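# Structure at a glance
The primary structure of each chain is shown beneath.
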Amino acid sequence: MSEGPSEFGESLFDLLVSGESTLATVSLTPGKTYGVGRDSTCSIVVDDPSVSRFHAELTVGLVPTITDLGSRNGTVVGGVRLKRDVPTPVVVGGLVTVGRATLVLQQPRLKARTVSNTMVPAPLSAPPTADTVVFDPVMKNLYAMLDIVAPAPISVLILGETGVGKEVFAAEVHRRSTRSAERFLALNCAAMPESMLEAELFGYERGAFTGAVQSKPGLFESADRGTVLLDELGDMALATQAKLLRVLEVGEVLRLGSLVPRRVNIRFIAATNRDLEQAIRAGAFRADLFFRLNGITFTLPPLRDRRLDIVPLAEFFIARALARTNRQALRMSPEFISKIERASWPGNVRELRNVIERAVVLCQEAELLESHVVGLSTQSSSLNVPSTERDRSSFNVSETGTVSSFQGGLASLAEVGEAYETHVSQSGNLLDAVRVLERQRITNALQACGGNQSRTAKMLGIARATLLARLDEFGLARPRKRPAAP
């Protein structure tokens, strides 16, 4: 490892490190290469059994890179496992996984927590609230990092599938921040039309538009000195994005119909299930807004990849449902537990909550049985569902309707439907049979239309938005757009 003087000058980056027994921040010296591993001779020691003794090397140049050294459990950057001895760029705010430990590179802000190149453990805050049921090691690491990130004056971007708990995570960022005594306000940007969204965010003056009979402060003014979560930010229109950028840059809000801006002091958290970098390339999202919001990024894994959380979450939802109905305690039978542990949960925590609440209503005994688990969205996880223990590949639909995966899998949409039908047709459940038919019709239509979503929706006689909702519901990846003509 290089120990010589830096040609770049002052420190460029800090590294947040979170492992099973490690929570620290490291001040990185430009021009130096750091060994990352469990061995005490490494520059960055990560005390976690999933981390190899000499796991990776982090080189701090103008463009930092990380290189896997042939580790047992691998190094993952941007969801892709690295090949051995291949340097890979690391972006500021991006998440790097070494084994089950996590690393996040950021520009130095917390100088009080860094001393030269020595790792300084960060004090833990209060334990998570009741809503944050966390047993999975990766989730524990992400929540542990909040003790470093939350108090810092930095924007946070939370990525993850629909229903993984992005709003709960954002609320925890606020709870551990220096603004915890102030308001935490959340708004789903996809839940209202553009004109109404702008009025909700910025407020309006009396007479600004038809129906504005009195002035109203917007979300930003109401959350002054507090925290705002903009959920599903990827669905925000470009015109509103431009106005949001001004709030971020200069801290001023201009109500609709007003000529006088108002000063606000807000900590912004954004969340989305969309690929914002792809949206930028498609011209649907502003690059300057992305870079302004992307102070540090957390990617929450889907429920199928954090199976240690399933039963504890179920217990929490059962207790909450019983408290609302003043019923006696219910226990989960082994068959019930096995059923929910094997499910793929494409709707993630939100789907699990609905299934559990439905089961509590249906159960008239003292024990929840397998028969009380109804309305699952898709097949058992044993049917090529990506998971931590098995294949993490995701299906991608090509123009010809062929389904491919990084590590193999089912060859076509028709085969996906056939495998799904074989898996659930034995249950004799009418709801399952209807869902099998609906899923098969959609997969066949997608194949016939070459993956074109609009034509597929027209063939099926449904709205395009309904088709997209069904793709998410059935765990089918949305077809990629056709490449531009040369």
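Reference entry: report on the structure contained in this document. Quick caveat, the model's predicted, so the values are computed rather than measured. (Residues numbered from 1 in each chain as written. Predicted model: local features only at pLDDT ≥ 70, side-chain atom pairs only at ≥ 80, totals over all residues. Heavy atoms only, no water.)

### Looking at the nonpolar core
- Ranked by size, the top nonpolar core spans 29 residues in total, and within it Leu201, Phe220, Val228, Leu230, Leu233, Leu244 and Phe268 carry the most contacts.
- Among the secondary structure elements, those contributing two or more residues to this core are β14 (184-188), α3 (194-202), α4 (219-222), β17 (227-231), α5 (238-250), β20 (267-272), α6 (276-281) and α7 (287-293).
- Top element by residues in this core is α5. It accounts for four residues.
- Among the nonpolar cores identified, the runner-up in size contains 28 residues, and Leu23, Val173, Ala271 and Ile296 belong to it. (Core = buried A, V, L, I, M, F, W, Y, C linked by side-chain atoms within 4.5 Å. Buried < 20%, exposed > 50% of the residue type's maximum accessible area, 1.4 Å probe, protein only. Helix = DSSP H or I, 4+ residues; strand = E, 2+ residues; numbered from the N terminus.)

### So, the pairing of strand β13 (residues 156-159)
- As paired strands, β13 and β20 are joined by four bridges and run parallel to one another. Paired with Val156 across the strands is Ile269, a residue of β20.
- Here four bridges tie β13 to strand β21 (residues 296-299), and the two strands are oriented parallel to one another. For Val156, the partnering residue across the bridge sits in β21 and is Ile296. (Pairing = 2+ DSSP bridges.)

### Quick notes on the packing of helix α13 (residues 453-460) against helix α14 (residues 464-473)
- Direction vectors running N to C along α13 and α14 enclose 100 degrees, while the axes themselves pass 9 Å from each other. In terms of their interaxial angle, α13 and α14 are classed as roughly perpendicular. Here α13 contributes Gln453, Ser454, Thr456, Ala457 and Leu460 to the contact with α14, which in turn contributes Arg464, Leu467 and Leu468.
- Along the lines of polarity and charge, the residues of the contact of α13 with α14 split into four nonpolar, three polar and one charged. (Axes fitted to C-alpha atoms, helices over the stretch in contact; angles between N-to-C directions. Parallel < 35°, antiparallel > 145°, perpendicular 65-115°, else oblique. Contact = heavy atoms within 4.5 Å. Nonpolar A, V, L, I, M, F, W, Y, C, P; charged D, E, K, R; others polar.)

### Observations regarding the pairing of strand β6 (residues 65-68)
- Of the two faces of β6, the one holding Thr65 and Thr67 and the one holding Ile66 and Asp68 are both buried throughout.
- In terms of strand pairing, strand β5 (residues 56-59) meets β6 through four bridges, oriented antiparallel. In the strand pairing of β6, Ala56 is matched with Asp68.
- What sits between the antiparallel neighbours β5 and β6 is a turn of five residues.
- Here β6 pairs with strand β9 (residues 88-89) via two bridges, running antiparallel. Along β9, the bridge assignment pairs Thr65 with Pro89.

### Examining the pattern of salt bridges
- Scanning all chains against the criterion turns up 21 salt bridges.
- A salt bridge links Arg255 to Glu205; the shortest N-O distance between them is 3.8 Å. Taken together, the residues Arg255 in the loop between β18 (252-253) and β19 (262-263) and Glu205 in the loop between β15 (203-204) and β16 (216-217) connect sequence positions 50 residues apart.
- Look at the salt bridges and you will find they share partners, linking Asp147, Glu172, Arg175 and Arg176 into a network. (Salt bridge = Lys/Arg side-chain N within 4 Å of Asp/Glu carboxyl O.)

### Points about the sheet that holds β21
- Here five strands make up an open sheet; going across it, the order is β14-β17-β20-β13-β21 and the pairing parallel. Here the strands that pair on one side only, and so sit at the sheet edges, are β14 and β21. When strand polarity is set aside, the average angle formed by the axes of neighbouring strands in this sheet is 20 degrees.

### Observations concerning unusual backbone geometry
- Positive phi, normally seen in glycine, also occurs at Glu232, with a value near 55 degrees.
- Given a relative accessible area of 10%, Glu232 falls into the buried group.
- Phi is positive for Trp345, close to 50 degrees, though the residue is something other than glycine.
- Within the fold, Trp345 resides in the loop between α9 (334-342) and α10 (348-362).

### Observations concerning the sheet that holds strand β4 (residues 44-45)
- If you walk across this open sheet you meet the five strands as β4-β3-β5-β6-β9, and the pairing is mixed. Of all strands in the sheet, those with a lone pairing partner are β4 and β9, marking the two edges.

### Here's the deal with the packing of aromatic side chains
- Using the criterion set out here, one finds six aromatic pairs in the structure.
- Geometrically, the ring pair formed by Tyr143 and Phe169 is edge-to-face, given 5.0 Å between the ring centres and 75 degrees between the ring planes. Taken as a pair, Tyr143 in helix α1 (residues 137-149) and Phe169 in helix α2 (residues 166-175) lie far apart in primary sequence, 26 residues in all. For the pair formed by Tyr143 and Phe169, the shared burial category is buried.
- Their ring planes at 55 degrees and their centres at 5.7 Å tell us that Phe316 and Phe317 sit as a pair that is tilted. (Phe/Tyr/Trp six-rings, centres within 6.5 Å; stacked < 30°, edge-to-face > 60°.)

Geometric descriptors of this kind do not, in isolation, establish any biological role.
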